[in-house]
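# Chains, contacts and geometry: an overview
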Amino acid sequence: MAFAGRRDVPEPPDFGILKRLARDQLIYLLEQQHEVDKLYKVDSRPALSTSDQFCFLVRPRIKTMRYIADIVNADKMSGRSRKYKIIFSPQKFYACEMVLEEEGVFGDVTCDEWSFYLLPLDEDIISMELPEFFRDYFLEGDHRWINSVARALQLLNSLYGPFGKAYGIGRCAKMSYELWRDLEEESESDGQGRKPEIGNIFLMDRDMDYVTALCSQVVYEGLVDDTFRIKCGSVDFGPDVTSSDKSIKVLLNAQDKVFSQIRNEHFSSVFGFLSQKSRNLQAQYDRRRGMDIKQMKNFVSQELKGLKQEHRLLSLHIGACESIMKKKTKQDFQEMIKAEHSLLEGVDVRESTSFIEEHIDRQVSPIESLRLMCLLSITENGLIPKDYRSLKTQYLQSYGPEHLLTFHNLKRVGLLTEQAAGETLTAVESKVSKLVTDRAAGKITDAFNSLARKSNFRAISKKLGLIPRVDGEYDLKMPRDMAYVFSGAYIPLSCKIIEQVLERRGWLGLEEVVRLLNGNEFSVSDSTVEDNPTWESQRVILAVFLGGCTFSEIAALRFLGKERGCKFIFLTTAITNSARMMEAMIEAKA
Amino acid sequence: MDCYTANWNPLGEEAFYRRFELYTMEWSLKEDLRDCLVAAAPYGGPIALMKNNVRKEKSPSTRPLLEIYSASGLLLASIPWKSGQLVQLGWTASEDLLCIQDDGTVLIYNLFCEFKRHFSMGNEVLQNHVLEAKVFHTEYGTGVAILTGAHRFSLATNIDDLKLRRMPEVPGLQKPPSCWAVLSQDRVTIVLLAVGQELYLLDNTSCSVVTPPGMSPSAGAYLHMAVSFNYRCLALFTDTGYIWMGLATLKEKFCEFTSSVRSPPKQMVWCLRPRSRQRAVVVAWDRQLMVVGNSTECIQYKRLTIEVLLDRLVLRRLYPLAIRICEYLRLSEIQGVSRILAHWACYKVQQKDKSDEEVAHAINQKLGDTPGISYSEIAARAYDCGRTELAIKLLEYEPRSGEQVPLLLKMKRSKLALGKAIESGDTDLVYTVVLHLKNELNRGTFFMTLQNQPVALSLYRQFCKHQERETLKDLYNQDDNHQELGNFHVHSSYSEKRIEGRVGALQNALDEYYKAKNEFAAKATEDQIKLLRLQRHLQEDFDKPYLDLSLHDTVSNLILDGHHKRAEQLYREFKIPDKRYWWLKISALANRGDWEELEKFSKSKKSPIGYLPFVEISVKHHNRYEAKKYAPRVTPEQRVKAFVLVGDLDQAADAAIEHKNETEMNFVLSKCTASTDAAVAEKLNRARAQLLKK
């Protein structure tokens, strides 16, 4: 399995897991039929091999093509002849062939496509495993993956029948939806006329809500992702968790009986749950006493294995909790959460700014500092010029001048901006909305869109009531709303929008919010699908996140689903979190 | 009742045959068919006839004439033959006529005698000429086999995907074989040939002698062979009148027969006897006909499908009839009517007497939005006929903009193609056009074109970023994008190995940032240049790596190595904020374990970050002794925390009590252990109780 390692993009999908998942389809074929002897990862070093055939499984990236071309040309120089096959996933791009041609190796390689679009990570999560989507689309203005999204939708449509209602917000959401409709029309697929299994689909661009993705996660699954990085639905627990000298790879999904019960819980209640669980487990073990031979035999053959498995998982999660506690119960983390909450609420901004400055000065963590700066900027509609300059200067002094380019990127996507001096907000807003509502402008690139974008977070937050009023303590064990995923301090904007639109069955009454979000909303009913409210499918919603979604958002919507008696299924270009988002923006020394 | 059987004649013991005429041939041929080259297409297709092929005298009146008749002898078309000497005629499965010349050129005509294209069977054939040729059909399509004057075989298995194969030599072959045939076995095309009493099999790599099973040893020399249409069966005829029938794989014999006639037959073919579905061989001499066969095995011939029937009607331009059949059979639109209309349109665009507007209009009138119609395919045909303008008009009717692109590119309407590609939303297609444009236009025009197409421009930039960095610079230069140019130079500076090169690149960046009026970036770049130069000096002075460190790390390293003066100098020169400098210095000193210097520093002036960090850093390095020195200097608000950190619970308790702060008291209490801190705990509990009383 070979994915380009680029320091300035999010980590590639986990090698081992993908290999395992692909085995049935591709690797198996390769190994069985072609006797593949070794798998390498495409990285900066050429693979040393005496094999006379090379097969590359790659994303269609120009840089990867150059890597392959270098290998082929090096072989040619040394007079070695090999066969080369490139398998592009999910599709081949013309530009790739062009590069191969320019490098003079087009005739030496054969190309194939592996139309791999959907990777089910769990019972309700489907990932396209395209972490590069975020940078490619939102930063580089590259539309290449929109086609892949449309094809993924087409695939889902053919599997689960037509979606009765489609909602969405964001330019990419709109383009993906329209492209998908075109594909459907062209193919006249036989999915039509089928009884729909997914009644609603909601598409959302990541840039509609950066705030949520920038927050520290405090539900268990999110916290595990922030701390250990979940890759392709599995995590590597290191020695500090396993309390042995080796790491253990654990699949995290609904199959894990322990994990499935705590994944959506606020971290503060996880430890209590786990200790209760271990007491129960002990009690079940203890039943052995006083058993006769026959009962014992039954116990060993039927229950013991399950108990042991549960025991193993339990100790792993307890280990993970301890490790997280060690890191997160420190003073700094508490203070950071406090600062975050102040930013979300819009209080004590000066204090928070000083906190961030100190964070940078003390070189606590480059990624965290950057994240806090972005959070400050986006909640405040841009930094005031003085802070904008000083924070950036501090950051450059701490982490090196190459981040000048990082800041340029962040400005471009609207994550870290300066409040425009002399220009009132409304003037900018009207300029933007004019640009965006113009149909023709919709077709042109988003190269400009982010430059002019303002988050308007404060206004949106007020309009939608994202900061719950606190009267007394927020009971995190018995949450009353989605805010529990952020300790009761903030209802994730993305989830709130979805909730509101589903409730209103459209955007009616949300005009002001839509305007503040720069529009591009849509709501379409498929007239060919019978609108039968008794159908189970009406209660199923496919939530599509373009640019990634976080485990906190997933937890929040799962909670909403439970409250409203409906079920969310998630389709995302990749699972993301604040660190991945920041890393995608960082311009490293090449 | 005997009149029913009157015209039936016995054939062997069990079978009877009769002769009756199905229909009369409409043609009135004056020539003897013997003097013509003749080819009849399979499945009752057309018949091609070449008259006067053997040119004895070169008078114009006897110029060869190519005529094509329907199966019933209706003349479809005819043309005077002006090309070279023909050796063989044959039909393809799609009813194209192959005319094989003696120089190995094969000319292809449709059934209206309209020339389509030609190809050559290769140099070897050209040099040695064609002695004999055969047209054959396999699952790959129609093929051509040639026996050259040098007695070598050359063949092409599929004329639509021409790959010439020269077969291996037959050892000792000095004269043409008495007979030969092309066989297709296991998807490989092979040649079977007979020389005297020997039978040879030619495959791609070798020539081998074969003997059919059960062949009579006294059979004699082979004169004729026949292969069934599906290549399953083979019949061999020898000069003793002996006939062998069996599988073409030569694995099994069906039967043998010895006829009284021993002269070579004119024709020998396999046929299927009606009803009984028995295979048989029909052998024809000048005045005699013989049917041989007793096999009981069944063969299913593929019937002509309805699609092929429609194709044939379309080929004969009988469009209305074809459409009516479709309607009668209720074929789906895409399968039936659309396909026929598309063919009609492709024919229509060839009508040169009508204007582009008329043709385009007529086609659109008839086709409208019929599903399954591809306007781009029709347009492609128009372009092939040299009607570019018509093609463009037709493309306008194509609803899928992506489909228009390839043809537009082919017609060199690249800018139009670019617009359509962008409209389609298919990035890959846009890339295709952009890179096409890049090669087609000169650089200036190319850039100008991109300027008006932001989507394309951003894609091209992406391409350049990885593949042509210099072009990227040109692109930014063209639209005076100084900000991006600045970024470009900063980026390039990293790939410069030598420090002068790096400074140079940064200097360029600096200029651009100034032009972009980005003072912040300019200042940062200026600082970086300054830092780089300084780092070089440091590296030379201390023989330690300093290059590529951030300012913070540079100063920090200097302190770690005890170069306090130099650190101080950088602090002033780069206007490092006091707070940062204090954080940096105390943590570097603590790392170095230089507690003396730390204490000295703490007294140098009032700390801008307070004294709690001094306590914290000392504790972090497990030096409580030092930590205790700073605890009293911590501001009152933080003092409790400081005393707890250094482990002096008694003082912490006193501070908390002094503050009358319950939270602080609880905090200290939580740190107390019953065995050692009982007195402190008691003190706290008392104070707390007192506090609550009030």
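Above this text sits the structure in question.
Residues numbered from 1 in each chain as written. Chains lettered and ligands numbered in written order. Predicted model: local features only at pLDDT ≥ 70, side-chain atom pairs only at ≥ 80, totals over all residues. Heavy atoms only, no water.

Along its length, chain B carries 26 helices and 25 strands. Over its C-alpha atoms chain B spans a radius of gyration of 48 Å, topping by over 25% the 26 Å that the globule rule assigns to 694 residues. Once the C-alpha set of chain B is aligned to its principal axes, its extents read approximately 140 × 65 × 60 Å. Counting over 694 residues, chain B shows a buried share of 47%. Counted over contacts in chain B with a minimum sequence separation of 6, partners at least 24 positions apart contribute 43%. (Helix = DSSP H or I, 4+ residues; strand = E, 2+ residues; numbered from the N terminus. Rg over C-alpha atoms; globule rule 2.2 N^0.38 Å. Buried < 20%, exposed > 50% of the residue type's maximum accessible area, 1.4 Å probe, protein only. Contact = heavy atoms within 4.5 Å.)

This paragraph deals with the sheet that holds strand 6 (residues 165-169) of chain A. Residues and elements named next belong to chain A. What the seven strands build is an open sheet, ordered 4-5-12-11-7-6-10; its pairing is mixed. The open sheet has two free edges, formed respectively by strand 4 (119-120) and strand 10 (521-525), since each of these has just one partner strand. The pairing of strand 6 with strand 10 spans five bridges and is antiparallel. If you follow Ile-169 over to strand 10, its bridge partner there is Glu-521. Strands strand 6, strand 7 (200-205), strand 10 and strand 11 (540-546) of the sheet are contacted by helix 6 (residues 171-187), whose axis makes an angle of about 135° with strand 7. Sheet strands touched by helix 24 (residues 551-564): strand 5 (125-127), strand 11 and strand 12 (567-572). Its angle to strand 12, the strand with the most contacts, is close to 160°. (Pairing = 2+ DSSP bridges. Axes fitted to C-alpha atoms, helices over the stretch in contact; angles between N-to-C directions.)

Residue and element names in this part refer to chain B. Position of Ile-47 among the secondary structure elements: in strand 4 (residues 47-51). Relative accessible area serves as the criterion here: at 12%, Ile-47 is assigned to the buried category. Sequence-distant contacts of Ile-47, defined by excluding residues within four places in its chain, comprise Met-25, Trp-27, Val-38, Ala-39, Ala-40, Glu-67, Ile-68, Tyr-69, Ser-70, Ala-71 and Trp-91.

Counted by the stated rule, this structure contains 66 salt bridges over all chains. Taking the shortest distance from any N to any O, the salt bridge between A:Lys85 and A:Asp112 comes out at 3.2 Å. Remark: A:Asp112 occurs in strand 3 (residues 109-113) and A:Lys85 occurs in strand 2 (residues 83-88); sequence separation between them is 27 residues. Given a relative accessible area of 37%, A:Asp112 falls into the partly exposed group. With a closest N to O distance of 3.3 Å, B:Lys523 and B:Asp527 form a salt bridge. Here B:Asp527 and B:Lys523 lie together in helix 16 (residues 519-542), a separation of four residues that amounts to about one turn. Its relative accessible area of 46% is what places B:Lys523 among the partly exposed residues. (Salt bridge = Lys/Arg side-chain N within 4 Å of Asp/Glu carboxyl O.)

For the rest of this paragraph, the subject is the interface of chain A and chain B. Each partner contributes residues to the interface: chain A has 48 residues there, and chain B has 45 residues. For the chain A and chain B pair, buried surface summed over both sides reaches about 4,200 Å², with 56% attributable to carbon and sulfur atoms. Close ionic contact of B:Glu484 with A:Arg412 constitutes a salt bridge, the shortest N to O distance being 3.0 Å. Run the count over chain A and chain B and you get 27 residue pairs in polar contact (both at pLDDT 80 or more). Sorting the residues of the side of chain A that touches chain B by element identifies helix 2 (62-77), helix 3 (94-102), helix 6, helix 14 (349-361), helix 16 (385-399) and helix 17 (403-413) of chain A as the ones contributing at least two each. (Buried area = accessible area lost by both parts, 1.4 Å probe. Polar contact = N/O pair within 3.5 Å; in protein donor to acceptor, adjacent residues only side chain to side chain.)

With that settled, consider the state of the cysteines. What the rule picks out here adds up to zero disulfides over all chains. With no disulfide of its own, A:Cys55 lies closest to A:Cys111 among cysteine sulfurs, the gap being 11 Å. Residue B:Cys36 stays outside any disulfide, its sulfur separated by 14 Å from that of B:Cys99, the closest cysteine. (Disulfide = S-S within 2.5 Å.)

By size, the foremost hydrophobic cluster in this structure holds 255 residues, and its most contacted members are A:Tyr220, A:Leu415, A:Phe568, B:Ile363 and B:Tyr460. Per-element accounting of this core gives the leading share, nine residues, to helix 12 (residues 293-328) of chain A. If we skip the residues at most four places from it in the chain, A:Leu415 touches A:Tyr210, A:Leu214, A:Cys374, A:Ser377, A:Ile378, A:Leu410, A:Met581, A:Met582 and A:Met585. (Core = buried A, V, L, I, M, F, W, Y, C linked by side-chain atoms within 4.5 Å.)

With that out of the way, let us pick up the side chain of B:Arg580. Mapped onto the elements of the fold, B:Arg580 is located in helix 19 (residues 578-592). Judged by its relative accessible area of 0%, B:Arg580 is buried. Side-chain polar atoms of B:Arg580 contact the side chain of A:Asp361, separated by 3.3 Å. Beyond its immediate sequence surroundings of up to four residues, B:Arg580 is in contact with A:Ile360, A:Asp361, A:Gln394, A:Tyr395, A:Gln397, A:Ser398 and B:His552.

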